[in-house]
Amino acid sequence: MSFNHMTIKGNLILSFTKLYAALLIPISAICFLIYWPGLSGGFLFDDNANLNQLGDFNGVRNFETFVLFVGNGIAGPTGRPLSLLSFLLNGSTWPTDPYPFKLTNVLLHLLSGFFLYLLSRLIFLSFNLKPKQAVVAAIIATSFWLLHPFFVSTVLYVVQRMAMLSAFFSIVGLWLYCKGRLRLGDNNNRSGYITMSLGLGSGTLLAILSKENGVLLPLLAACVELCIFRHPSSIARPINRYWSWAFLVLPSFVVAAYLIHSIEPYTFTHSFGNRDFNLPERLLTENRIMTGYLYNLLIPKLSYPGLLYENIEVSKSLWQPLSTLFCTLFIIGLFFSALMLRKRFPFFALAVLFFFAGHVLESTTIGLELYFEHRNYLPAIFLFMPAGYYFVTQQSRLIKGFIIALLVICPIFTYQLSSLWGNDLALTQVWAKQNPTSSRAQLSAALALENKGYQLATLGLLSQAKATIPDSLDLHWYWLKLKCRLQGVSADEFAEIKQVSSTVPFQIHQYNMLQATIDTMLNPDCKGVNSENALVLLDVLQTNPGILQDSGRLFQLHHLKGLVYASTNRPKEALAEYKKVLALRGNIEHGLIQMGVLASHGFFPEALEHLNDVDKILAGQPQPSQTLFKTKLDYQAEIARIRQNLLDDIKASKK
């Protein structure tokens, strides 16, 4: 290469670097600043369920506890070990400070935005856009995604690190795929295929270990291939059909086969086991929800349903509600329009097909909850590419002005939402007002009020909420727990709680509130009810429709009865209840916890007897295989250690 050519190339690189620095760096700085107010918020909902294991075994303090935490995640089939590993960057004990967790989420969002820019720029360059045009178009498309207010509930909800990390590896995988794809035909086929294979192979694996959505990466890459690289205007050369089948087509078929295999014929006419809708109802309802997702993404708003949008009207048919028909026709029309118009409007086709492909796992045949905003985090990465493309290729000032106006609105709205997320009390009160029939919204608002010390206001909110939502056991039990501490519970009020507890179906997720209520009833400060009332409440629950429908939940009631008996100095009765738990579940961890309850109350002989029962169950179970991602505590060694301690305690108590 001559000196002049090197100089020209160097000047071009410098020019693009300046343009990048002048545009994306300020956008990234703005993104960080608008999320700054939200960093002061606390942990929410599933944060606690997934992160409280940091406190198990006195925190993650050595290699053994590290493996136990990372290898035993409760979210998803894989346990999502990479996501759990990332949480250790921010804390190794529980409870802990939420600030570094949220800060890491924001930084990960910015890093994903950087690679999305690189990915978008490659795609625009493949259409023979001038380099400067490709930079500007990519920055506009990326800025919409980075600054959009709809993603506040993903970025500032700590546990959604899982969705964000999976999206990050998917974006990097797509970038490597596109980078290798554009190398084909330049006498560099081998390097191109290696880069493409590395991008899809490692990207899929790392994304799956963060969250199972990562399995969609080959399908997402296939959307890019179909809409962009097979377009007549693309500079990309044809791809080897065998590589395409191995890395794009077959993995996509595997996903489709899994989704078909996951269909249970029973759910065509009956509800999913833990839901109030069947499969046809879910698919019809998702058409309305997907339409709502697109509306919220294309029209930035100051408020969204948030995390507590569980009371969605289920579509019973195309006509009930009538909006189901219109939304279904819209989704079908949009999908086929993208397929048919992909040569004329490739970026529109990419935006639509990629969006639908990104929802294939969580919005189709699997019986998950109906609505979650974070499900759009990855599917929406290309949704704003048409805006970037038309901004640099059209001369219309109206189009450019509209795009700029939306770009200005997004960070303003995001800042407002972020500020709300930084104030737990204000956030939960807003959710409660937006979702008056949501028991979770009312419970979260009540918890936030109580945590701030507003106990009478909390009691008032709960009184109104349980009247508005009479079929929520959580609200009634929470009200009982607070009322007995503040004002005392009358006999008539307790009779009402008994009546509700015997008729409203008990759900497994309500156990934590039941346990907290029972604990409060054992406290001397609780007026009007006591341990005997706690036993009466648990007896009533044994005839609850939810328990009768699923007798497997009985072990929870026996466990709580054992706790009541242990707390009231009745060790024999407590041991009898705990034996029932072991008979029902045969769970080693449950047995050790119950042994700990007995020992903590000084009932060492009963604790030793229960430990021996646990040891017998362990001896009858096959030894689990120890793997890197699913490792259990060495129960045999732990039982031997505890047994010796109990024998020492019994010996000491006899002196």
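Residues numbered from 1 in each chain as written. Predicted model: local features only at pLDDT ≥ 70, side-chain atom pairs only at ≥ 80, totals over all residues. Heavy atoms only, no water.

**Q** Got a minute to help me understand the packing of helix α19 (residues 455-468) against helix α20 (residues 473-486) in this structure?
**A** Relative placement of two packed helices is described by the angle separating their axes and the distance separating the axes. Where α19 meets α20, the closest approach of the two axes is 9 Å, and the angle between their N-to-C directions is 145°. The element α19 and its partner α20 pack so that their crossing is left-handed. Residues Q455, L456, T458, L459, L462, S463, A465 and K466 of α19 form the contact with α20, whose own contacting residues are L475, H476, Y478, W479, L482, K483, R485 and L486. Tallied by class, residues from the contact of α19 with α20 come to nine nonpolar, four polar and three charged. (Axes fitted to C-alpha atoms, helices over the stretch in contact; angles between N-to-C directions. Helix = DSSP H or I, 4+ residues; strand = E, 2+ residues; numbered from the N terminus. Left-handed = near helix turned anticlockwise from the far one by under 90°. Contact = heavy atoms within 4.5 Å. Nonpolar A, V, L, I, M, F, W, Y, C, P; charged D, E, K, R; others polar.)

**Q** It is not clear to me how the side chain of T195 should be interpreted in this structure. Could you clarify?
**A** Inspection of the secondary structure puts T195 in helix α9 (residues 189-210). On the accessibility criterion, T195 (12% relative accessible area) is buried. Beyond its immediate chain neighbours, meaning those up to four positions away, T195 contacts L176, G180 and R183. (Buried < 20%, exposed > 50% of the residue type's maximum accessible area, 1.4 Å probe, protein only.)

**Q** Help me understand helix α18 (residues 439-451), please; the structure alone is not making it clear to me.
**A** An α-helical turn contains 3.6 residues, so any two residues separated by three or four positions project in the same direction. For α18, with 13 residues, the first-to-last C-alpha span of 18 Å sits near the 18 Å given by 1.5 Å per residue. By the criterion of burial, α18 is predominantly enclosed, with 10 of the 13 residues buried. The set of residues buried in α18 consists of S439, A441, Q442, L443, S444, A445, A446, A448, L449 and E450. Elements in contact with the buried residues of α18: α17 (424-434), α19, α20 and α22 (511-521). (Expected span 1.5 Å × (residues − 1).)

**Q** How should the state of the cysteines be read in this particular structure?
**A** Should the sulfur atoms of two cysteines be covalently bonded, the bond is a disulfide. Under the criterion given, the structure shown has one disulfide. Across a sulfur-sulfur distance of 2.2 Å, C484 and C526 are joined as a disulfide pair. Measuring handedness by torsion sign, the sulfur bridge of C484 and C526 sits at about -120° and is left-handed. Placement of the pair is C484 in helix α20 and C526 in the loop between α22 and α23 (531-541), with a sequence separation of 42 residues. You'll find C484 and C526 in the same group, each marked buried. (Disulfide = S-S within 2.5 Å.)

**Q** Sorry, what's going on with the packing of aromatic side chains here?
**A** The relative placement of two aromatic rings is captured by the distance of their centres and the angle of their planes. Tallied over the entire structure, the rule returns 33 aromatic pairs. Connected via pairs of aromatic rings, a cluster forms that spans F114, F115, F168, F169 and W175. In this arrangement the basic side chain of K400 is found over the ring face of F391, its NZ or CZ atom lying 5.5 Å from the centre. Here R585 stacks its cationic end above the ring of F555, 4.3 Å away from the centre of that ring. (Phe/Tyr/Trp six-rings, centres within 6.5 Å; stacked < 30°, edge-to-face > 60°. Lys NZ or Arg CZ within 6 Å of the ring centre and 35° of its normal.)

**Q** Before we go on, may I ask you to explain a nonpolar patch on the surface in this structure?
**A** On the surface, I332, F335, F336, M340 and L341 cluster together to form a nonpolar patch covering roughly 480 Å² of accessible area. Along the polypeptide, I332 turns up in helix α13 (residues 323-340). (Patch = residues over 30% accessible without salt bridge, like charges linked within 9 Å, V, L, I, M, F, W, Y side chains within 5 Å. Areas by Shrake-Rupley, 256 points an atom, 1.4 Å probe, with all protein chains shown as cover. Salt bridge = Lys/Arg side-chain N within 4 Å of Asp/Glu carboxyl O.)

**Q** What exactly am I supposed to notice about helix α28 (residues 604-619) here?
**A** Counted at 1.5 Å a residue, the expected span for α28 with its 16 residues is 22 Å, and the 22 Å between its end C-alpha atoms agrees. Listed as buried for α28 are F604, E606, A607, L608, H610, L611, D613, V614 and L618. The elements touched by buried residues of α28 are α26 (571-585), α27 (588-600) and α29 (635-653).

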